[in-house]
Amino acid sequence: GNDIPTPKSTVSRGVLRGYVRTGMVADSWQRTMSSRIDMIVGVGVLAAVVAIPLGFLLVRRIVSPMDSLGEAMRRFSSGEWHVRSAIRRRDELGRLAAAFNAMADEHQRTHERIVRLNAELEQRVTQRTEELRELASRDPLTGLYNRRYFGEVLERSFSEAVRYHHDLSCIMIDLDNFKHINDTFGHHVGDDVLLLTAKT
C-alpha cells in the first residue's frame, strides 16, 4: 500500500514491487546467550575455585613468615637474646629477617661486652674499696692497725662477749720516754724505734 514509504527507484506510480524482511529465531538466540552465560559462569566458578587455594597459599607464604618474624622480635625485645629468625628467603621478607638477625647479633655482642665491663668495673670497685678500707685502718708508718680500726674491733668483740657471755681481754703497750727519743735523736730515729717495736 501507499502507507509504507519506499524509495522512488523501487516504486513507480505507487505500486509495491516487493520487500525484504529479516529476522532471527528467538530460540536460537536464547540458546546461544544461555550457553555463553553458562560458559562465563563456569569460568568464573573455576577461577574462584583456583583462586581461593592460591590466595590461601599466597597469604600463608607471606603472613606465616611475618608472624614468625614478629614473634622472634617480640621474644628478643623481652630479653631472650639468643632468639633469631629462621626465615631464609631471597625476597623483601628474607632481607628483613636477615637485617633483624644482624641487628640481634650486634645487640647481643654489645650486651655481653657491657655485662663483662660492668663485672670488671664492679670487681675493681670492690677491690679499690677494700684497699681504701685497709689504708684507712692501718698506720702509714708501721702498717699496724690504727686506733679507728681498734675501736671497730673492740666494739664488735665487746658485743659478742656480752651476747655469748665470753670473757674479753685487752692489752695496751706503751713506749716509755718516747718523746725524749724524738727530742734527743730526731723523729727519724723515733720512726725507726716505732718500726722496730711494730716488727717485734
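Up top is the structure.
Conventions adopted
Residues numbered from 1 in each chain as written. Predicted model: local features only at pLDDT ≥ 70, side-chain atom pairs only at ≥ 80, totals over all residues. Heavy atoms only, no water. Helix = DSSP H or I, 4+ residues; strand = E, 2+ residues; numbered from the N terminus. Rg over C-alpha atoms; globule rule 2.2 N^0.38 Å. Buried < 20%, exposed > 50% of the residue type's maximum accessible area, 1.4 Å probe, protein only. Contact = heavy atoms within 4.5 Å. Areas by Shrake-Rupley, 256 points an atom, 1.4 Å probe, with all protein chains shown as cover. Lys, Arg positive; Asp, Glu negative; His and termini not counted. Charge placed at Lys NZ, Arg CZ, Asp CG, Glu CD. Salt bridge = Lys/Arg side-chain N within 4 Å of Asp/Glu carboxyl O. Core = buried A, V, L, I, M, F, W, Y, C linked by side-chain atoms within 4.5 Å. Phe/Tyr/Trp six-rings, centres within 6.5 Å; stacked < 30°, edge-to-face > 60°. 1 Å grid on protein atoms, 1.4 Å probe; cavity = no way out; pocket = protein on both sides within 12 Å on 5 of 7 lines; lining within 4 Å. Points joined across faces, edges and corners; volume = space filled by probe spheres on them. Nonpolar A, V, L, I, M, F, W, Y, C, P; charged D, E, K, R; others polar.

**Student:** How should the overall build of the protein chain be read in this particular structure?
**Tutor:** Across its full length, the protein chain holds 5 helices and 0 strands. When the helices and strands of the protein chain are listed from N to C terminus, the series reads α-α-α-α-α. Against the 2.2 N^0.38 benchmark of 16 Å for 200 residues, the protein chain shows a C-alpha radius of gyration of 54 Å, more extended than a compact globule. Structurally, the protein chain occupies a C-alpha span of about 175 × 45 × 35 Å along its principal axes. Expressed as a percentage of its 200 residues, the buried residues of the protein chain come to 9%. Long-range pairs, those at least 24 residues apart, make up 34% of the contacts in the protein chain between residues at least 6 apart in sequence. By element, 60% of the accessible surface of the protein chain is carried by carbon and sulfur atoms, the whole surface being about 17,400 Å². Here the protein chain contributes 28 positive and 26 negative side-chain charges, whose respective centroids are spaced 24 Å apart.

**Student:** How do you make sense of the pattern of salt bridges when you look at a structure like this?
**Tutor:** Working definition: two side chains of opposite charge can pair if their charged atoms are close together. The full count for this structure, using the stated rule, is 11 salt bridges. Between Arg128 and Glu131 there is a salt bridge, with the nearest N and O atoms lying 3.4 Å from each other. Of the two residues, Arg128 and Glu131 are both situated in helix α2 (residues 92-137); the distance of 3 residues between them amounts to about one turn of the helix. With a relative accessible area of 53%, Arg128 lands in the exposed category. Given a relative accessible area of 35%, Glu131 falls into the partly exposed group. Between Glu130 and Arg133 there is a salt bridge, and its shortest N-O distance comes to 3.4 Å. Here the residue Glu130 and the residue Arg133 both occupy positions in helix α2, the gap between them amounting to 3 residues, near one helical turn.

**Student:** For this particular structure, what's the right way to read the nonpolar core?
**Tutor:** In summary, soluble globular proteins display a tendency toward joint burial of nonpolar side chains. Judged by nonpolar contacts, Leu69, Ala72, Phe76, Val83, Ile87, Leu93, Ala97, Phe100 and Ala104 together constitute the single largest core of 9 residues. Breaking this core down by element, the ones donating at least two residues are α1 (26-77) and α2. At 4 residues, α2 tops the list of elements feeding residues into this core.

**Student:** So what exactly am I meant to see when it comes to the packing of aromatic side chains here?
**Tutor:** By convention here, two paired aromatic rings are described through the distance between centres and the angle between planes. Per the counting criterion, the structure on display carries 3 aromatic pairs. Aromatic side chains Phe76 and Trp81 sit 5.4 Å apart centroid to centroid with 80 degrees between the ring planes, which places their arrangement in the edge-to-face category. By relative accessible area, Phe76 is classed as buried at 7%. With a centroid separation of 5.9 Å and an interplanar angle of 85 degrees, the aromatic rings of Phe76 and Phe100 are classed as edge-to-face.

**Student:** So what exactly am I meant to see when it comes to the layout of surface pockets here?
**Tutor:** Rolled over the atoms, a probe with the dimensions of a water molecule shows which regions are left empty. Each pocket or cavity is described by its volume, and for the largest pocket that value is around 690 Å³. Thr142, Leu144, Tyr145, Asn146 and Ile173 are, among the 15 residues lining the largest pocket, the residues nearest its centre. Going through the elements one at a time, α3 (147-164) and α5 (187-199) are the ones with two or more residues in the lining of the largest pocket. Considering each element in turn, the lining of the largest pocket owes the most residues, 3 residues, to α5. Considered class by class, the residues forming the lining of the largest pocket number 9 nonpolar, 3 polar and 3 charged.

From the geometry alone we can't say anything about function, so treat these as descriptive.
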